[in-house]
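Descriptive analysis of the structure
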Amino acid sequence: AVQDELLNALCCETDFAVQNPGDTAPTGTGPSDAPAPSETPIIDSLPPTFVNAFCRTSMASSDFNRDDLLNDEEYFRFLNRLTRNQFTGSSF
């Protein structure tokens, strides 16, 4: 359950960053507001503009080496899958 909440929060925060480049995350998600490990993770996240299942599928299918981590290349692939290649040709 906690893992699902963290993945959903990651999807929400990624969506916020994609939709609002250069803006800061919504109130309640900064490091000083981070919940203690025993508390519910990240609150006050904006709802995603895409379905969580699509976000999680995009994340999993971008992890080519199946190590449950996204390196820079895999994260870039993940962003492009979420945004229908909005970042193709961009450099980070």
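These lines cover the structure that appears in this document, whether it is placed above or below.

1. Side note on the nonpolar core
If you look at the biggest cluster of nonpolar residues, it comprises six residues: C11, F50, C55, M59, F78 and L82. For this core, the elements supplying multiple residues, two or more each, are α2 (52-62) and α3 (72-82). Beyond its immediate sequence surroundings of up to four residues, C11 is in contact with F50, N52, C55, R56 and M59.

2. Topic: α2
Taken together, the buried positions of α2 are occupied by C55, S58, M59 and S62. The buried side chains of α2 occupy one side of the element, clustering within an arc of 100 degrees when seen end-on. Residues of α2 that are buried in the fold lie against α1 (2-19) and α3.

3. Concerning the side chain of T14
Residue position: T14 is located in helix α1. Residues in contact with T14, not counting those within four places in the same chain, are Y75, F78, L79 and L82.

Reading the values: rules and limits
Residues numbered from 1 in each chain as written. Predicted model: local features only at pLDDT ≥ 70, side-chain atom pairs only at ≥ 80, totals over all residues. Heavy atoms only, no water. Core = buried A, V, L, I, M, F, W, Y, C linked by side-chain atoms within 4.5 Å. Buried < 20%, exposed > 50% of the residue type's maximum accessible area, 1.4 Å probe, protein only. Helix = DSSP H or I, 4+ residues; strand = E, 2+ residues; numbered from the N terminus. Contact = heavy atoms within 4.5 Å. Arc of directions from axis to C-beta.

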